[in-house]
Amino acid sequence: MAPLESILVWISLCGYGIISGLYIYAFVFRKENILQKIIYPIAAVFLIHTASIIARYVAVGNLPWAGDYESATAGSWFVVLFTIIFMWKHRSLSAIGVGTIPFSLLLFGFGVMRSPQLIPMSVSLKSFWLGIHVLFAWLAFGAFAIAFGLGIIYLLKEKNPRKEFYAKFPDLPMLDELMFKYVVFGFITDAVMIPSGAIWAKDLWGNYWSWDPVETWSLVTWLIYGFAIHLRLTMGWRGRRLAWIVIWALAGMVITFFGINFFVSSSLHLFRAMQGQ
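Throughout this description, residue numbers start from 1 for each chain and increase along the sequence as written. The model is predicted, so local features are restricted to residues of pLDDT at least 70 and side-chain atom pairs to those at 80 or more, both for listing and for counting; the totals for chains, interfaces and linings are taken over all residues. To get the side-chain values, all heavy atoms of the structure are used, and hydrogens and water are removed first.

1. What about the overall build of the protein?
Heads up, the rule is: The helix count covers DSSP runs of H or I at least four residues long, the strand count covers runs of E at least two residues long, and both are numbered beginning at the N terminus. Per-residue accessibility, obtained with a 1.4 Å probe over protein chains only, is compared with the maximum for each type, and a residue is labelled buried under 20%, exposed over 50%, and partly exposed between these values. When charges are counted, Lys and Arg contribute as positive and Asp and Glu as negative, whereas His and the chain ends are disregarded. Just so you know, the charge point we use is NZ for Lys, CZ for Arg, CG for Asp and CD for Glu.
When its secondary structure is counted, the protein shows 10 helices and zero strands. Taken from the N to the C terminus, the helices and strands of the protein come in the order α-α-α-α-α-α-α-α-α-α. Dimensions of the protein, computed from the C-alpha atoms along their principal axes, are close to 60 × 50 × 30 Å. Taken over 277 residues, the protein has a buried fraction of 51%. The positive charge centre, built from 20 side chains, and the negative charge centre, built from 13, are 9 Å apart in the protein.

This is the structure we're talking about:
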C-alpha cells in the first residue's frame, strides 16, 4: 500500500469495527437511539474508505478490480454504499447494518491480510468490458448483501414479534417484499455481469467460456438466486424460507470472489501474477 492509503485503510477498519460493536450493543441491550443515529458514523467512515481507494488509484493508476485486496476493498465499499442508500430510503430499517457492516469489516480485513502490493494492472487486461463486468458484479454483490441483512432482520423480528425493540421495525410482509426485490435486482445485475465477462474473456483469452472455476461458481451462484426467485413465484416460498435462502446464498458470492483462490492455482481469474507485465 501507499503510505497515505495504509493510514486511511486502518482508520476505516477501526471505524467499521467500532460501528459493528455499536450494532451488537444496540441489539443486545435494545438501544433504539443508537440505530437512529448510526448512519452518521457509517457515512463518515465510508468517506475515509473512499479516500483510501482514491489514494490507491493515484499511486497505482487503476481502480481496485484485481487481486484479493483490491476485490475486498471494492466489495466492502459497495456493501457499505448500498447500506447507506438503503438506510437513507428506509429510516425505520437502520438495523440493516447489523448484517452488512460486520460483513464488510470481515471482507475488508481479509483483503488487507492478502495482497495489498502496489502493482499496476497489465495493459492487456484493461478493457471497456472489464469495467462493465466488474461494475455489475459489485452491484449484484451489494444487492445480495442487503438481502442478506434483511434476512437476518426478518428472522429476528419473527422470533421476537412482541418485543418493543423489534416491533418498531417494518411488518414482516414488507421485509419479505424488500428482501425479494433486492434478490431480483442482484439476479439481473449478475446476469449482466456474466455475459459481459464472457465478451471480455473472448478478447483476452480467445474463448467466451472456459469452465474456469470462477466462471463456473459464478454461474452456480446465479442459478441459486434464480432458483430462489423461482420458488417464490411458483411455490410461494416467502418469509422464513426466503430469508434462510438469501442468508446462505451469500456464501456462494463470497466463494466466487474470494474462496476459489484457496483451492485452485490455475484459474484464469488469478490476475495478480499477470499484473505489471
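Now that the structure has been shown, the text picks up again.
2. Considering the packing of helix H4 (residues 67-89) against helix H5 (residues 97-112)
Spelled out, the test is: Note on geometry: axes are C-alpha line fits, over the in-contact stretch for helices, and angles between N-to-C directions span 0 to 180 degrees. Any angle between 65 and 115 degrees counts as roughly perpendicular, while under 35 counts as roughly parallel, over 145 as roughly antiparallel, and the rest as oblique. Definitions for this section: a left-handed crossing has its near helix turned counterclockwise from the far helix by less than a right angle. A right-handed crossing has that turn clockwise. Whether two residues are in contact is decided by their heavy atoms: any pair within 4.5 Å suffices. Nonpolar residues are Ala, Val, Leu, Ile, Met, Phe, Trp, Tyr, Cys and Pro. Charged residues are Asp, Glu, Lys and Arg, and all others, Gly as well, are polar.
Between H4 and H5, the shortest axis-to-axis distance is 8 Å and the interhelical angle comes to 165 degrees. Taken together, the axes of H4 and H5 lie roughly antiparallel to each other. The handedness of the crossing between H4 and H5 comes out as left-handed. Across the interface between the two elements, Asp68, Tyr69, Ala72, Thr73, Gly75, Ser76, Val79, Val80 and Thr83 from H4 touch Gly97, Thr100, Ile101, Phe103, Ser104, Leu107, Phe108, Phe110, Gly111 and Val112 from H5. Of the residues contributing to the contact of H4 with H5, the split by class is 10 nonpolar, eight polar and one charged.

3. A look at the nonpolar core
Let me state the cut-off plainly: Each nonpolar core is a collection of buried residues, namely Ala, Val, Leu, Ile, Met, Phe, Trp, Tyr and Cys, held together in the definition by side-chain atoms within 4.5 Å.
Ranked by internal contacts, the top residues of the largest apolar core, which has 74 residues, are Tyr23, Phe27, Ile42 and Leu150. When residues in this core are grouped by element, the largest group, 17 residues, is from helix H6 (residues 128-159). Here Ile42 is in contact with Ile19, Tyr23, Val80, Ile84, Met87 and Ile101, once residues within four sequence places are set aside.

4. A short note on H4
To keep it simple, the criterion reads: In this analysis, the expected span of each helix is defined as 1.5 Å times one less than the number of residues it contains.
In this model H4 runs 33 Å from its N-terminal to its C-terminal C-alpha over 23 residues, within 8% of the 33 Å that 1.5 Å per residue would give. Most of H4 sits inside the fold, with 19 of its 23 residues counted as buried.

5. Structural notes on the confidence of the model for the protein
Stated precisely, the cut-off is as follows: The pLDDT value tells you how sure the predictor is about a given residue, anywhere from 0 up to 100.
The pLDDT averaged across the protein works out to 88; a share of 91% of its residues lies at or above 70. The weakest mean pLDDT in the protein belongs to helix H10 (residues 239-263) at 82; the strongest belongs to helix H1 (residues 3-28) at 96. Overall, residues 271-277 carries pLDDT values under 50, and its contacts beyond four positions in sequence, including any with other chains, amount to 24 contacts.

6. Overview of the side chain of Glu5
The line we're drawing: Two N or O atoms form a polar contact when they lie within 3.5 Å of each other; inside protein one atom must be a possible hydrogen donor and the other a possible acceptor, and for residues adjacent in sequence the pair counts only when both atoms belong to side chains.
Following the sequence through the fold, Glu5 ends up in helix H1. A polar contact of 2.6 Å, which involves the side chain of Glu5, links it to the side chain of Tyr69. Setting aside residues no more than four positions away along its own chain, Glu5 makes contact with Ser52, Ala55, Arg56, Tyr69 and Leu118.

7. Side note on the environment of Tyr40
Of note, Tyr40 is situated in helix H3 (residues 39-60). Note: C-alpha distance between Tyr40 and Phe144 (104 residues apart in sequence) is 23 Å.

8. Things to note about the packing of H3 against H4
Their axes nearest at 10 Å, the elements H3 and H4 cross at an angle of 150 degrees. Overall, the two elements H3 and H4 adopt an arrangement that is roughly antiparallel. Every pair of crossing elements has a handedness; the one defined by H3 and H4 is left-handed. Touching Ile39, Ile42, Ala43, Phe46, His49, Thr50, Ile53 and Arg56 of H3 are Tyr69, Glu70, Thr73, Ser76, Trp77, Val80, Leu81, Ile84, Met87 and Trp88, all from H4. In the contact of H3 with H4, the residues fall into 12 nonpolar, four polar and two charged.

9. Considering the environment of Pro102
Looking at the secondary structure, you find Pro102 in helix H5. It is 7.3 Å that separates the C-alpha atoms of Pro102 and Gly17, two residues lying 85 residues apart in sequence. For Pro102, the residues in contact, after removing those within four places along its chain, are Ser20 and Gly97.

10. Thoughts on the side chain of His133
Checked against the element boundaries, His133 lands in helix H6. A distance of 2.8 Å separates the side chain of His133 from the backbone oxygen of Met193, its partner in a polar contact. Not counting the four nearest positions on each side in its chain, His133 is found in contact with Met193, Ser196, Gly197 and Trp200.

11. Focus: a nonpolar patch on the surface
Defined as follows: Residues form patches when they are more than 30% accessible in relative terms and have no salt bridge. Like charges link within 9 Å. Nonpolar side chains (Val, Leu, Ile, Met, Phe, Trp, Tyr) link within 5 Å. Per-residue and other accessible areas were derived by the Shrake-Rupley procedure at a 1.4 Å probe size, with only the shown protein chains allowed to occlude residues. Salt bridges are defined as contacts in which a side-chain nitrogen from Lys or Arg sits within 4 Å of a carboxyl oxygen from Asp or Glu.
A grouping of Ile24, Tyr25, Val28 and Phe29 is seen on the molecular surface, where their side chains present a nonpolar patch of about 420 Å² in accessible area. Relative to the assigned elements, Phe29 resides in the loop between H1 and helix H2 (32-37).

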